[in-house]
Amino acid sequence: MFLPDMVVSTVARGPSRRFSLPNLLTYGRVAAVPVVVGCLFWPSVAAARWAALAIFILAGISDFLDGYLARALAQQSSLGRMLDPIADKLLVSAVLLMLAADHTITSVSLWAAIVILCREILVSGLREFLAELKVSVPVSRVAKWKTFLQLVALGFLIAGPAAEPILPGTTHIGLALLWVSALLTLYTGWDYLTAGVKYLVDEDEKP
């Protein structure tokens, strides 16, 4: 007669969704940020750059897997939805700053990095404000391509001089892709901004 109570107790004490596989991958991506930054403190050491690239690639793969697994395993959670974009922004922002510090990104190409960072701040602020109004801003297909191109561009730039003997022009390829992703960043940032402003204007015009 104790069996029903035991079943209820077992279900209630099941594994927390906070420690689901998709969320663990997101936690790993956040943890990868200081490791990649640490490796980039020695930009002239080829082994350090390759290590940074390997960790960065694993983080990028986890960015795809956590969303896919969350949907496939029906393990989507509010915590995961909150942390996933934050992990992406932390990784991209930290790597951009380190690449600017070691002069991999220099001169006019710094504007591409500035555009990307400013857009991330703008969209984050807009999302936070609209979240208070219970308005969600869906991620567009172009925004997903923008994120993919950013990661590829940063991968080339992280490899940088270490990869030049294998693939001449690695840094130039990375800079070119960075500019393309910066242009997509401007487009998606403007798209989010106009959508948010349109909603606010419509709200103000309501009687």
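Residues numbered from 1 in each chain as written. Predicted model: local features only at pLDDT ≥ 70, side-chain atom pairs only at ≥ 80, totals over all residues. Heavy atoms only, no water.

Novice: So what about the packing of aromatic side chains? Which residues, and what values?
Specialist: Under the criterion given, the structure shown has 1 aromatic pair. Here the aromatic rings of Trp-145 and Phe-148 are separated by 5.9 Å at their centres, their planes lie at 90 degrees, and the arrangement is edge-to-face. With Trp-145 and Phe-148 both in helix α6 (residues 141-163) and 3 residues apart, this pair spans about one turn of that helix. Given a relative accessible area of 51%, Trp-145 falls into the exposed group. (Phe/Tyr/Trp six-rings, centres within 6.5 Å; stacked < 30°, edge-to-face > 60°. Helix = DSSP H or I, 4+ residues; strand = E, 2+ residues; numbered from the N terminus. Buried < 20%, exposed > 50% of the residue type's maximum accessible area, 1.4 Å probe, protein only.)

Novice: Just give me the short version of the nonpolar core, but keep the residues and values in it.
Specialist: Counting 31 residues, the largest nonpolar core has Val-95, Leu-96, Leu-154 and Leu-178 as its most contacted members. Listing elements by their share of this core, those giving two or more residues are α2 (21-39), α3 (46-72), α4 (78-101), α5 (109-132), α6 and α7 (170-205). Setting aside residues up to four positions removed in sequence, Leu-154 forms contacts with Phe-56, Val-92, Val-95, Leu-96, Leu-99 and Leu-178. (Core = buried A, V, L, I, M, F, W, Y, C linked by side-chain atoms within 4.5 Å. Contact = heavy atoms within 4.5 Å.)

Novice: I'd like to hear about the pattern of salt bridges, residue by residue, with values.
Specialist: Counting across every chain of the model gives 5 salt bridges. Across the salt bridge formed by Lys-89 and Glu-120, the nearest N and O atoms sit 3.5 Å from each other. Taken together, the residues Lys-89 in helix α4 and Glu-120 in helix α5 connect sequence positions 31 residues apart. Residue classification places Lys-89 among the partly exposed positions, given a relative accessible area of 21%. (Salt bridge = Lys/Arg side-chain N within 4 Å of Asp/Glu carboxyl O.)

Novice: Please provide a residue-by-residue account of the packing of α3 against α6, values included.
Specialist: Between α3 and α6, the shortest axis-to-axis distance is 8 Å and the interhelical angle comes to 165 degrees. On the basis of their axis angle, the class for α3 and α6 is roughly antiparallel. Here the hand of the crossing between α3 and α6 comes out left-handed. Where α3 approaches α6, its residues Ala-46, Arg-49, Trp-50, Ala-52, Leu-53, Phe-56, Gly-60 and Asp-63 are matched on the opposing element by Thr-147, Leu-151, Leu-154, Gly-155, Leu-157, Ile-158, Ala-159, Gly-160, Pro-161, Ala-162 and Ala-163. Classifying every residue of the contact of α3 with α6 gives 13 nonpolar, 4 polar and 2 charged. (Axes fitted to C-alpha atoms, helices over the stretch in contact; angles between N-to-C directions. Parallel < 35°, antiparallel > 145°, perpendicular 65-115°, else oblique. Left-handed = near helix turned anticlockwise from the far one by under 90°. Nonpolar A, V, L, I, M, F, W, Y, C, P; charged D, E, K, R; others polar.)

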